[in-house]
Amino acid sequence: MGMETVSTNRAHGGTQGVYRHESTATGTPMTFSVFIPDHAEGAKLPVLWYLSGLTCTHANVTEKGEYRAACAEHGVIFIAPDTSPRGDDVPDDDAYDFGKGAGFYVDATQEPWAANFRMRSYIEDELPGLILREFPMADLGRQGITGHSMGGHGALTMGLRHPDRFRSVSAFAPIVAPSQCPWGEKALGGYLGDDRAAWRQHDAVALIEDGARLPELLVDQGEADAFLTEQLKPELLAAACREAGIDLTLRMQPGYDHSYYFISSFMADHVAWHTERLNR
């Protein structure tokens with residue numbers, strides 16, 4: 001399907017664009033943002049995907065993530081998709097942590113969610129195909145992925161499932177074991193049903209326990225994060241990585257919470273970390 005340009009703005013020696021297209025995966029219009037640093041004609045730039053958290057759209061990181069200066073410095077394209085299908089005909093839930101804005105990067109199998117909530121297929125298959133067609137400067141042979149909270153969960157699970165696609169994987173305050181926390185149990189149970197074995201493909205700790213491997217991971221986590229103990233549980237990821245021999249850099253950041261004040265403080269570090277690995 002074709003792509004519509006919603007807006008473009010000059011920023012940090014590059015172009016910040018917002019785009020919309022009709023998604024075959026979700027059966028809805030989907031909006032995403034792309035920042036492209038200035039580059040020589042014909043040059044190819046590596047790509048860093050950013051997956052957002054609960055209640056967010058593409059706009060949260062686009063407006064508050066403070067990634068553009070670092071991406072311009074390092075020559076990295078930054079892509080931020082939405083977190084769920086949108087539209088009046090899309091089913092929803094009254095709670096903030098299920099339904100619209102809470103797609104959890106899975107392909108739902110349960111009704112009424114199965115028709116539209118197919119964010120795994122959208123992020124892993126459809127949107128990369130669109131990027132390949134519409135942005136010829138994007139080098140999809142050099143991709144990294146990161147994300148925040150629910151999006152950190154998405155980044156970790158997609159990275160673990162596709163180690164040949166993503167050269168680098170990081171996360172900000174990720175939900176590392178959704179099978180073992182209230183947010184995840186609600187979402188995975190609601191979208192995928194009661195068979196917890198089906199959840200394991202969408203749980204970073206379970207994927208590692210089941211043999212998925214990456215050479216290294218970078219995770220930043222605020223020590224003052226209100227969701228740290230009940231929902232995020234980074235110690236479970238640390239234990240799984242230690243057992244599997246995965247080189248995890250887990251940085252517990254004193255005083256930082258779950259907000260974009262935290263994310264933006266360490267975004268440049270993550271962009272630089274990904275760049276080093278994407279340019280090897």
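Being a predicted model, the structure only gives us computed values, none of them experimental. (Residues numbered from 1 in each chain as written. Predicted model: local features only at pLDDT ≥ 70, side-chain atom pairs only at ≥ 80, totals over all residues. Heavy atoms only, no water.)

A. Main features of the overall build of the protein. Secondary structure summary: the protein contains nine helices and nine strands in total. Taken over the C-alpha atoms alone, the protein extends approximately 50 × 40 × 35 Å along its principal axes. Across the 280 residues that make up the protein, the buried fraction comes to 60%. In the protein, once contacts between residues fewer than 6 apart in sequence are set aside, the share between residues at least 24 apart is 71%. Of the roughly 11000 Å² of accessible surface on the protein, a fraction of 47% belongs to carbon and sulfur atoms. Side-chain charges in the protein split into 23 positive and 39 negative, and the spacing between the mean points of these groups amounts to 4 Å. (Helix = DSSP H or I, 4+ residues; strand = E, 2+ residues; numbered from the N terminus. Buried < 20%, exposed > 50% of the residue type's maximum accessible area, 1.4 Å probe, protein only. Contact = heavy atoms within 4.5 Å. Areas by Shrake-Rupley, 256 points an atom, 1.4 Å probe, with all protein chains shown as cover. Lys, Arg positive; Asp, Glu negative; His and termini not counted. Charge placed at Lys NZ, Arg CZ, Asp CG, Glu CD.)

B. Here's a closer look at the side chain of Asp-97. Here Asp-97 is to be found in the loop between strand 5 (77-81) and helix 3 (119-134). A polar side-chain atom of Asp-97 sits 2.7 Å from a polar atom in the side chain of Lys-186. (Polar contact = N/O pair within 3.5 Å; in protein donor to acceptor, adjacent residues only side chain to side chain.)

C. Main features of the pattern of salt bridges. Summed over the entire model, instances satisfying the criterion amount to 16 salt bridges. Two residues, Arg-196 and Glu-185, come together in a salt bridge whose shortest N-O distance is 3.5 Å. Note that Arg-196 is positioned in the loop between helix 5 (182-192) and helix 6 (204-209) and Glu-185 in helix 5, a separation of eleven residues in sequence. Here Arg-196 falls in the partly exposed class, since its relative accessible area comes to 42%. (Salt bridge = Lys/Arg side-chain N within 4 Å of Asp/Glu carboxyl O.)

D. View of the environment of Ile-131. Tracing the chain through its elements places Ile-131 in helix 3. Separated by 97 residues in sequence, Ile-131 and Val-34 have C-alpha atoms that sit 9.4 Å apart. The residues contacting Ile-131, other than those within four sequence positions of it, are Phe-32, Val-34, Trp-49, Ile-79, Ala-138 and Leu-140.

E. Representation of unusual backbone geometry. In this chain, Glu-111 is followed by Pro-112 through a cis amide linkage whose omega measures 0°. You can see Pro-112 is positioned in the loop between strand 5 and helix 3. Of note, Ser-149 is a non-glycine position whose phi angle comes to about 60°, a positive value. The phi angle at Ala-173 is positive, at roughly 45°, despite the residue not being glycine. Inspection of the secondary structure puts Ala-173 in the loop between strand 7 (166-172) and helix 5.

F. Focus on the packing of aromatic side chains. For the structure shown, the criterion picks out 15 aromatic pairs. Relative to Trp-113, the ring of Phe-98 has its centre 4.8 Å away and its plane inclined at 80°; by these criteria the two rings are edge-to-face. Within this pair, whereas Phe-98 is found in the loop between strand 5 and helix 3, its partner Trp-113 is found in the loop between strand 5 and helix 3, the two being separated by 15 residues in sequence. Of the residues examined, Trp-113 reaches a relative accessible area of 8% and is grouped as buried. Ring centres of Phe-172 and Phe-262 lie 6.2 Å apart, and the angle between their planes is 85°; this geometry places the pair in the edge-to-face category. In this pair, Phe-172 is assigned in strand 7 and Phe-262 in helix 9 (residues 260-278), connecting sequence segments 90 residues apart. Taken together, the aromatic side chains of Phe-35, Tyr-50, Tyr-67 and Phe-78 make up a single cluster linked through ring pairs. It is Arg-68 that lies over the ring of Tyr-67; its NZ or CZ is 4.9 Å from the centre. (Phe/Tyr/Trp six-rings, centres within 6.5 Å; stacked < 30°, edge-to-face > 60°. Lys NZ or Arg CZ within 6 Å of the ring centre and 35° of its normal.)

G. Representation of the sheet that holds strand 9 (residues 247-253) within the structure. Read across the sheet, nine strands follow the order 1-2-3-5-4-6-7-8-9 without closing on themselves; strand pairing throughout is mixed. Single-partner strands in this sheet number two, and they are strand 1 (3-11) and strand 9. Strand-to-strand twist across the sheet, computed as the mean angle between neighbouring axes with direction ignored, equals 20°. The pairing of strand 1 with strand 2 (residues 14-22) spans eight bridges and is antiparallel. Paired with Glu-4 across the bridge in strand 2 is Arg-20. In this fold helix 3 packs onto strand 1, strand 2, strand 3 (29-37), strand 4 (45-51), strand 5 and strand 6 (138-147), with an angle of close to 50° to the strand it touches most, strand 3. Here helix 9 sits on the sheet and contacts strand 4, strand 5, strand 6, strand 7, strand 8 (216-222) and strand 9; the angle it forms with strand 7, its principal contact strand, is near 165°. (Pairing = 2+ DSSP bridges. Axes fitted to C-alpha atoms, helices over the stretch in contact; angles between N-to-C directions.)

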